[in-house]
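# Structure at a glance
Listed here are the chains, written in short residue letters.
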Amino acid sequence: MAGQLPSPSAALSYHASPATIPALPPRTTTATLRPLSDLRVGGGATFSSRVGSSCQRAMQSLAPKCASITDISVDQSTENVKLPKGDTWSVHKFGGTCVGTSERINSVADIIVGDESERKLVVVSAMSKVTDMMYDLIQKAQSRDNSYAAALDAVFEKHRLTATDLLDGDELLSFLSRLHNDISNLKAMLRAIYIAGHATESFTDFVVGHGELWSAQLLSFVVRKKGFDCQWMDTRDVLIVNPANSNQVDPDYLESEKRLDLWFSQNAAKIIIATGFIASTPENIPTTLKRDGSDFSAAIMGALVMARQVTIWTDVNGVYSADPRKVSDAVVLKTLSYQEAWEMSYFGANVLHPRTMIPVMRYGIPIIIRNIFNLSTPGTMICQPSFDENGYDQHVETPVKGFATIDNLALVNVEGTGMAGVPGTASAIFSAVKDVGANVIMISQASSEHSVCFAVPEKEVKAVAEALQSRFREALDAGRLSQVAVIPNCSILAAVGQKMASTPGVSATLFNALAKANINVRAIAQGCSEYNVTVVVKREDCIRALRAVHSRFYLSRTTIAMGIIGPGLIGGTLLAQLRDQTAVLKEEFNIDLRVMGITSSKKMLLSELGIDLSKWKDQLAEQGEDADLQAFIQHVHGNHFIPNTVIVDCTADSDIGTHYYEWLRKGIHVITPNKKANSGPLEQYLKLRALQRQSYTHYFYEATVGAGLPIISTLRGLLETGDKILSIEGIFSGTLSYIFNNFKGDRDFSEVVAEAKQAGYTEPDPRDDLSGTDVARKVIILARESGLKLELSDIPVESLVPEPLRASASAEEYMQQLPEFDEDWAKKRQEAEDSAEVLRYVGVVDVVNQRGRVELRSYKKDHPFAQLSGSDNIISFTTSRYKEQPLIVRGPGAGAQVTAGGIFSDILRLASYLGAPS
């Protein structure tokens with residue numbers, strides 16, 4: 001007959017033939033199942049009125065789980081058993097991942113029987129992916145997609161194979177019989193939905209809930225197979241909920257308690273396996289508990305039996321202090337208060353849905369989050385805080401417990417002088433937002449009432465802005481409101497902790513960490529309870545902000561992304577020092593220095609995780625790409641997982657120095673031994689120093705003057721403590737120190753210069769050292785640090801290169817001709833010796849007269865400058881405090897090792913400023 005549906009048995013062919021499946025053993029409770037035509041599907045209509053008579057005929061044979069407990073006729077011979085309540089019960093909840101395979105179901109059964117609690121109530125979800133498969137069935141059927149039948153076959157096969165792995169004998173036949181019956185009924189129901197082209201929410205919930213029914217039955221069979229008394233519970237017989245707004249339901253605890261008592265009186269057992277996610281309405285219509293429903297089921301059941309604890313089994317070790325996918329140093333929290341967990345889950349942390357905690361909070365029942373794949377970890381306990389005699393929470397390890405973020409938000413700012421003191425303005429704003437159905441995540445208002453700022457999901461902001469423009473059109477036109485502004489691409493960062501309320505400085509620490517990571521805060525909100533402080537930042541800054549604040553509060557590693565420019569003698573030596581010290585810094589000082597890029601003038605090597613510093617030379621040669629400074633900087637600074645970036649310029653290139661200002665403005669710290677930037681145009685230097693003072697971005701250049709000696713820091717220390725600099729005099733060149741320390745006796749000047757060149761003290765062309773320009777740059781840097789506004793051209797320099805040799809074509813030619821001037825140098829030495837003095841090449845900063853100079857001088861043999869050896873540098877500070885006895889800084893001033901060491905020291909100083917323990 002046209003339009004007539006085949007019978008369910010004819011429509012499906014399954015592996016278990018009905019003829020071979022024995023009749024089900026009688027259950028203790030028998031439901032009087034009403035015909036589907038009487039099943040109410042919402043809105044007062046019956047199923048038959050919704051799908052038509054042909055579908056009604058097809059469905060008459062179906063028996064959906066819609067009978068209420070009031071329809072259950074109790075076998076009079078069954079002895080009623082009262083439900084015990086209290087600490088004898090422990091509740092476990094296993095999610096879909098936990099029961100995703102036969103092996104995992106078996107492991108779950110082992111955990112259940114291994115729990116030494118007297119009574120156990122276990123809530124299970126559908127097997128992994130099954131709920132999605134069931135929703136897909138509904139979607140296909142109401143879209144009139146014939147493939148729903150094949151999809152249903154896949155659902156059947158998944159459970160058949162799992163049962164075959166776990167069960168045998170009568171238990172297997174019993175389960176397959178029930179499975180076959182359910183699938184046959186679902187087949188006919190989906191056919192009816194296919195014809196109607198529509199499925200009500202009630203029938204959708206009924207179909208989807210089968211996944212939990214099957215997993216609960218399977219698990220109960222496995223537990224019984226292990227020799228333990230066990231019953232499975234269809235929670236639609238017990239849990240009664242009332243639909244609420246916002247796609248939520250409210251449990252009816254009194255009615256649920258009555259039904260649980262009745263159910264237990266007929267199914268008493270020490271172990272109960274209950275279905276999660278599903279429940280019934282007061283009208284006995286199948287429904288679900290919506291999002292995170294199985295967790296909610298477990299909490300409700302825990303409250304109904306007043307359990308000792310509720311354990312939520314999942315695939316993570318517990319609740320983390322931050323998302324471990326974003327913060328590698330995130331730690332598992334031992335404890336959380338209900339309020340802390342509530343706040344963190346609201347702000348997107350993978351904890352629990354806030355409503356899950358409501359049932360257990362009433363009785364102070366702890367919730368424990370544990371990892372089923374890592375039984376050795378204790379997990380996280382969410383409980384009522386316990387206070388000592390002084391009122392302090394005994395479990396609090398840090399004032400801020402955790403951090404969470406919400407992305408893809410936009411800020412809406414409504415402002416205008418006409419808002420101040422006008423009642424109802426805020427009400428009108430949020431009434432307009434409500435009318436478009438937008439969700440307000442956060443609200444911030446200044447006490448002046450001049451503006452109201454709030455965050456909404458970015459996908460809803462257009463509708464919100466249009467609604468506000470329409471609602472306040474008159475006020476905008478009249479000027480009472482100045483604007484309704486939208487700031488897109490925002491994220492929220494929330495710091496959560498119960499002890500924040502009683503700990504001074506938490507907010508200061510939070511904002512200080514953000515500032516040092518160069519994160520700009522767009523809006524702030526904090527409740528008077530101070531359980532959380534919420535800030536809005538740019539979306540692209542969110543992960544860096546999260547890592548920065550987490551590092552500050554949890555003393556996790558201060559991680560710095562480094563880019564090395566110029567891997568020559570100095571840069572290469574620095575990389576070797578980093579290689580040797582990185583592990584020690586990580587383990588002992590919590591400093592994680594990651595070289596993300598190395599670039600020369602020709603090639604660059606980039607890495608996403610950090611370059612292996614034991615192989616960088618080979619990798620640069622073999623894998624290096626063409627050098628591109630802009631791309632290099634973008635790569636090093638573009639890693640959002642590392643909040644801090646530093647560029648280390650180990651070159652002597654003046655062009656590189658011109659980029660410092662731009663890098664500092666972007667929040668990139670700069671460290672360098674390159675003297676060109678600070679001794680270049682005065683305007684450039686002043687801009688760099690002004691920017692450094694105005695921001696938390698750091699610019700360190702200790703090695704520009706004294707290699708590894710603390711010259712710049714000593715000078716700043718004197719100035720910052722109020723001392724007045726009178727003059728600075730010193731031997732600033734290790735090369736020239738070596739030359740004049742060894743230019744004695746009857747040695748020729750050219751011989752000593754050649755020896756210094758051979759030992760590697762000089763530049764490839766010794767004239768670069770002997771010209772005095774390098775010393776002049778150091779003098780101008782110290783003069784500017786002392787407050788003098790001098791250009792390099794203002795410094796008179798006495799060159800040690802004879803006039804005729806300054807134009808020599810090459811260093812070799814210069815060295816060949818230098819002996820011609822040995823006699824002149826011998827005369828200068830003799831004149832000094834006749835006065836009991838020695839020659840020294842010095843730089844002088846005369847702060848009093850605001851000038852500087854570089855020249856060859858002679859000093860008495862008892863003067864500190866005359867007592868140097870090797871390539872040591874010496875600098876003398878004459879100040880108001882150190883007037884009679886100048887402050888002397890002395891030590892090695894040349895060589896790759898000490899210069900690289902000076903740079904390394906600046907890197908560690910930066911780490912200390914960024915929060916590393918000192």
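As the structure is a computational prediction, the values presented were derived from the model and not from experiment.

## A closer look at the overall build of the protein
Counting its regular elements, the protein contains 34 helices and 32 strands. In the protein, which comprises 918 residues, the proportion classed as buried is 55%. Long-range pairs, those at least 24 residues apart, make up 73% of the contacts in the protein between residues at least 6 apart in sequence.

## Here we look at the environment of Asp768
Position of Asp768 among the secondary structure elements: in helix α30 (residues 767-770). On the basis of relative accessibility, which here comes to 44%, the residue Asp768 falls in the partly exposed class. C-alpha separation for the pair Asp768 and Ala811, spaced 43 residues apart in sequence, amounts to 9.9 Å.

## Digging into unusual backbone geometry
Even without being a glycine, Asn518 presents a positive backbone phi close to 60°. Inspection of the secondary structure puts Asn518 in the loop between α17 (506-516) and β19 (523-526). Phi is positive for Gln850, close to 55°, though the residue is something other than glycine. Assignment of secondary structure puts Gln850 in the loop between β29 (837-846) and β30 (851-860).

## Re helix α9 (residues 210-225)
Spanning 16 residues, α9 covers 23 Å between terminal C-alpha atoms, matching the ideal 22 Å at 1.5 Å per step. Along α9, 14 of the 16 residues are buried, which leaves the element largely enclosed by surrounding structure. Looking one or two residues past α9, Gly227 carries a phi angle of roughly 95°, positive in sign.

## Digging into the packing of helix α5 (residues 130-142) against helix α7 (residues 169-196)
Interaxial distance between α5 and α7 falls to 7 Å at its minimum, and their mutual angle equals 40°. Considered as vectors, α5 and α7 are oriented oblique to each other. Remark: the crossing between α5 and α7 carries right-handed chirality. Residues Met134, Leu137, Ile138, Ala141 and Gln142 of α5 pack against Leu186, Leu190, Ile193 and Tyr194 of α7.

## Considering the side chain of Thr235
With respect to the element layout, Thr235 can be found in the loop between β5 (230-233) and β6 (241-244). Here Thr275 takes part through its side chain, which lies 2.6 Å from a polar atom of the side chain of Thr235. Beyond its immediate stretch of four places on either side in the chain, Thr235 contacts Ala274, Thr275, Ile278 and Ala279.

## Let's talk about the nonpolar core
Here is a general trend for soluble globular proteins: nonpolar side chains tend to be buried in one another's company. Counting 69 residues, the largest nonpolar core has Trp663, Ile728, Ile739, Phe740, Leu770 and Leu782 as its most contacted members. With residues up to four places along the chain from it excluded, the contact list for Trp663 reads Ile565, Leu629, Ile633, Ile647, Ile656, Ile668 and Val670. Formed by 66 residues, the second largest nonpolar core is a distinct cluster that contains Val123, Ala322, Val506 and Tyr554.

## A few points about the sheet that holds strand β14 (residues 380-383)
Pairing within the open sheet is mixed, and its eight strands lie in the order β5-β8-β4-β3-β11-β13-β14-β12. Among the strands making up the open sheet, the edge pair consists of β5 and β12 (335-337). Each neighbouring strand pair of the sheet contributes to a mean axis angle of 20°, computed without reference to strand direction. Pairing geometry for strand β11 (residues 309-314) and strand β13 (residues 367-371), over five bridges, is parallel. Across the sheet, Thr311 pairs through a bridge with Ile368, a residue of β13. In this fold helix α12 (residues 338-346) packs onto β12 and β14, with an angle of close to 85° to the strand it touches most, β12.

## Here we look at the packing of aromatic side chains
Per the counting criterion, the structure on display carries 16 aromatic pairs. Ring geometry for Phe403 versus Phe553: centroids 5.8 Å apart, planes at 45°, classification tilted. Of this pair, Phe403 sits in strand β15 (residues 402-415) while Phe553 is found in helix α18 (residues 542-554), placing the two residues 150 residues apart along the sequence. Each member of the pair, Phe403 as well as Phe553, is classed as buried. When the centroid spacing of 6.1 Å and the interplanar angle of 45° are considered together, the rings of Phe740 and Phe749 count as tilted. Phe740 gets classed as buried once you look at its relative accessible area, which sits at 3%. Through a chain of ring-to-ring contacts, three or more aromatic side chains come together here, namely Tyr660, Trp663, Tyr699 and Tyr701. The ring of Tyr253 is capped by Arg362, whose NZ or CZ atom sits 4.5 Å from the centre of that ring. Its guanidinium or amino end placed over the ring of Phe700, Arg909 lies 3.9 Å from that ring's centre, counting from NZ or CZ.

## A closer look at the sheet that holds strand β16 (residues 442-445)
The strand order across the open sheet built from six strands is β16-β17-β15-β18-β20-β19, with neighbouring strands paired in antiparallel fashion. One side of each edge strand has no neighbouring strand; the edge strands of this open sheet are β16 and β19. Put simply, the sheet's adjacent strands are angled 30° from each other on average, direction ignored. Two elements, strand β18 (residues 483-496) and strand β20 (residues 532-538), share seven bridges in a ladder whose sense is antiparallel. If you follow Leu493 over to β20, its bridge partner there is Val535. On top of the sheet, helix α14 (residues 425-435) reaches β15, β16 and β17 (451-457); it is set at about 15° to β17, its chief contact.

## Structural notes on the packing of α14 against helix α15 (residues 461-471)
Contact geometry for α14 and α15: axes closest at 9 Å, N-to-C directions at 130°. When the axis of α14 is compared with that of α15, the two are oblique. Every pair of crossing elements has a handedness; the one defined by α14 and α15 is right-handed. Contact with α14, carried on its side by Ala428, Ile429, Ser431, Ala432, Val433 and Asp435, involves Val464, Ala467, Leu468 and Arg471 of α15 and no other residues of that element. Residues that form the contact of α14 with α15 fall into these classes: seven nonpolar, one polar and two charged.

## As for the state of the cysteines
This model, assessed by the stated rule, comprises zero disulfides. You can see Cys453 has no disulfide; the closest cysteine sulfur is in Cys490, sitting 8.3 Å from it. Given the relative accessible area of 11%, Cys453 is considered buried.

## Side note on the environment of Gln692
Along the polypeptide, Gln692 turns up in helix α25 (residues 682-694). Those residues in contact with Gln692 that lie beyond four places of it in its chain are Thr697, His698, Tyr699 and Arg716. Within the structure, Gln692 has its side chain in polar contact with the backbone oxygen of Tyr699 (distance 2.9 Å).

## A look at the pattern of salt bridges
Counted under the stated rule, the structure contains 37 salt bridges. The partner of Glu340 in a salt bridge is Lys401, with the nearest N and O atoms 3.2 Å apart. Here Lys401 lies in the loop between β14 and β15 and Glu340 lies in helix α12, a separation of 61 residues in the sequence. Just as Glu340 is buried, Lys401 falls in that class too.

## Some details on α25
The end-to-end C-alpha distance of α25, which contains 13 residues, comes to 18 Å, matching closely the 18 Å that a straight helix rising 1.5 Å per residue would cover. Where α25 is concerned, the buried positions are Leu682, Tyr685, Leu688, Arg689, Leu691 and Gln692. Against α23 (660-665), α24 (676-679), β27 (699-700), α27 (711-720) and α31 (773-785) lie the buried residues of α25.

## Focus: the confidence of the model for the protein
Residue-level pLDDT values for the protein average 86, and 88% of them are 70 or greater. Predicted confidence in the protein is weakest over helix α1 (residues 8-11), with a mean pLDDT of 32, and strongest over strand β8 (residues 271-275), with 98. With pLDDT under 50 throughout, residues 1-78 is counted as low confidence; its partners more than four residues away or in other chains account for 122 contacts.

## Quick notes on the environment of Leu788
Tracing the chain through its elements places Leu788 in the loop between α31 and α32 (811-817). Residue Leu788 is classed as buried on the basis of its relative accessible area of 8%. With 63 residues separating them along the chain, Leu788 and Arg851 place their C-alpha atoms 7.9 Å apart. Contact partners of Leu788, with chain neighbours within four places excluded, come to Ala783, Val845, Asp846, Val847, Gln850 and Arg851.

## So, the pairing of β18
Here β15 runs beside β18; their pairing, made up of eleven bridges, is antiparallel. Across the sheet, Glu415 pairs through a bridge with Gln483, a residue of β18.

The rules behind the values
- Residues numbered from 1 in each chain as written.
- Predicted model: local features only at pLDDT ≥ 70, side-chain atom pairs only at ≥ 80, totals over all residues.
- Heavy atoms only, no water.
- Helix = DSSP H or I, 4+ residues; strand = E, 2+ residues; numbered from the N terminus.
- Buried < 20%, exposed > 50% of the residue type's maximum accessible area, 1.4 Å probe, protein only.
- Contact = heavy atoms within 4.5 Å.
- Expected span 1.5 Å × (residues − 1).
- Axes fitted to C-alpha atoms, helices over the stretch in contact; angles between N-to-C directions.
- Parallel < 35°, antiparallel > 145°, perpendicular 65-115°, else oblique.
- Left-handed = near helix turned anticlockwise from the far one by under 90°.
- Polar contact = N/O pair within 3.5 Å; in protein donor to acceptor, adjacent residues only side chain to side chain.
- Core = buried A, V, L, I, M, F, W, Y, C linked by side-chain atoms within 4.5 Å.
- Pairing = 2+ DSSP bridges.
- Phe/Tyr/Trp six-rings, centres within 6.5 Å; stacked < 30°, edge-to-face > 60°.
- Lys NZ or Arg CZ within 6 Å of the ring centre and 35° of its normal.
- Nonpolar A, V, L, I, M, F, W, Y, C, P; charged D, E, K, R; others polar.
- Disulfide = S-S within 2.5 Å.
- Salt bridge = Lys/Arg side-chain N within 4 Å of Asp/Glu carboxyl O.
- pLDDT = per-residue confidence, 0-100.

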